[in-house]
Amino acid sequence: MNQPATNTQPTSNKSDAETMNAPTQPVKKDVGKPRFLQYMEVPSQFGEVDEQTLRGRIPPLRRAYLNRRERLETATRELERLRKAVSALEAQEKETDASWRRDFLNGFGKQSKAVRDQLKQKANWQIEAEQQREMIELLEPQVAWLRVHTHYARIEFGNAQGQLYNYVAHQTMLAVAKEFAESGIAEKLYETLPALFSRIEIELSNRDLNSQQLKRLQYAAIGELLLSYRPEKLPKIQVEGAEHYPKMDFEADHSEFRSFLGVRKRVTDAEEKMDIIPNLDEIDKA
């Protein structure tokens with residue numbers, strides 16, 4: 001017996017009329033790359049590197065800067081402690097000196113036990129203060145040396161961070177601009193531009209402008225319009241790896257190193273006074 005034929009086509013709950021009247025999704029246009037950026041200069045180095053390369057530069061420079069800064073902080077804090085200790089010892093020595101002289105004169109020249117003890121204490125203060133001064137003399141050139149090398153490590157690290165930040169910000173801006181240009185909103189905006197350009201050309205017809213100058217003013221009008229809707233306080237793009245590291249109180253200020261020759265002399269003078277010159281490579285990689 002012959003079996004009845006089966007329908008192999010998929011069934012649908014929608015009628016043909018519903019299918020025909022269903023809204024179609026707009027096809028997203030690909031506007032490609034910007035045809036010209038005559039008035040927005042693109043940094044030349046952006047064409048020579050990529051984000052991965054720029055990110056790869058950050059970790060060793062960050063490590064070098066933080067390692068040098070850590071050693072500078074340790075040496076600076078110890079130097080401050082030694083200086084305070086010397087000041088305290090000098091004050092104690094001065095007070096003891098005045099005390100034994102007063103007791104000696106009040107006793108009409110009698111070398112009492114109190115006088116002898118105070119003389120011994122004064123000698124101890126003098127010896128300890130001299131030891132601390134010797135430590136200061138050893139540490140001061142090392143701190144000066146570390147301040148210079150930490151400062152330049154911070155500059156190099158900051159420059160690498162700045163390059164990464166500017167690159168990511170630039171690429172993000174291009175991506176957002178492209179996304180806007182491919183949207184239906186942009187298409188509506190573009191339809192109004194011929195009228196705007198024509199009006200600007202007529203309004204400026206009495207000025208001696210060439211085509212490039214006129215175009216620049218027309219484009220400036222678009223930028224002014226779009227930016228007039230921006231928030232009063234512009235938010236900044238956050239880029240991982242480009243976080244700001246505040247300068248610590250013990251670090252050098254830019255004003256200290258305005259002259260390269262002066263900095264070079266400062267390093268040379270410090271090294272001449274140092275018994276041991278630290279190895280920067282070992283510090284940076286620690």
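Whatever comes next refers back to the structure up there.
Predicted model, so just to flag it, every value in this text is computed and none were measured.

Our focus in this paragraph is the pattern of salt bridges. Counted according to the given criterion, the structure contains 17 salt bridges. With a closest N to O distance of 3.0 Å, Arg77 and Asp249 form a salt bridge. With Arg77 in helix α2 (residues 51–106) and Asp249 in the loop between α5 (211–227) and α6 (260–273), the pair connects residues that are 172 residues apart, well separated along the chain. Residue classification places Arg77 among the partly exposed residues on the basis of a relative accessible area of 32%. With its nearest N and O atoms 3.6 Å apart, the salt bridge here joins Glu256 to Arg266. Of this pair, Glu256 sits in the loop between α5 and α6 while Arg266 sits in helix α6, and the two are 10 residues apart along the sequence. Relative accessible area serves as the criterion here: at 28%, Glu256 is assigned to the partly exposed category.

Locating Gln161 in the fold gives a position in helix α3 (residues 113–181). Residue classification places Gln161 among the buried positions, given a relative accessible area of 8%. Here the alpha-carbon distance between Gln161 and His244, two residues 83 residues apart in the chain, equals 8.6 Å. Not counting residues within four places of it along the chain, the set of residues in contact with Gln161 comprises Ile58, Gly241, Ala242, Glu243 and Tyr245.

Once that is clear, we can look at helix α4 (residues 184–203). In an α-helix, one turn spans 3.6 residues; hence positions three or four apart end up facing the same way. In this model, α4 (20 residues) spans 30 Å end to end at C-alpha, consistent with the 28 Å of a helix rising 1.5 Å per residue. The sharpest bend along α4 measures roughly 30° and falls at Thr192, with the proline Pro194 sitting one to four residues further on. Of the residues making up α4, those classed as buried are Ala186, Leu193, Leu196 and Ile200. Packing partners of the buried residues in α4 comprise α3 and α5.

Looking now at the nonpolar core. Leu139, Val143 and Trp145 are the most contacted members of the largest nonpolar core, which totals 18 residues. Within the residue set of this core, elements represented by two or more residues are α2, α3 and α6. At six residues, the largest contribution of residues to this core is made by α3. Residues contacting Val143, with those up to four places away along its chain left out, are Leu72, Ala75, Thr76 and Leu79. Within the second largest apolar cluster, 12 residues are counted, among which are Leu54, Leu61, Ala153 and Ala160.

Rules of the game
Residues numbered from 1 in each chain as written. Predicted model: local features only at pLDDT ≥ 70, side-chain atom pairs only at ≥ 80, totals over all residues. Heavy atoms only, no water. Salt bridge = Lys/Arg side-chain N within 4 Å of Asp/Glu carboxyl O. Helix = DSSP H or I, 4+ residues; strand = E, 2+ residues; numbered from the N terminus. Buried < 20%, exposed > 50% of the residue type's maximum accessible area, 1.4 Å probe, protein only. Contact = heavy atoms within 4.5 Å. Expected span 1.5 Å × (residues − 1). Bend = angle between axes of the 7 residues up to and from the residue. Core = buried A, V, L, I, M, F, W, Y, C linked by side-chain atoms within 4.5 Å.

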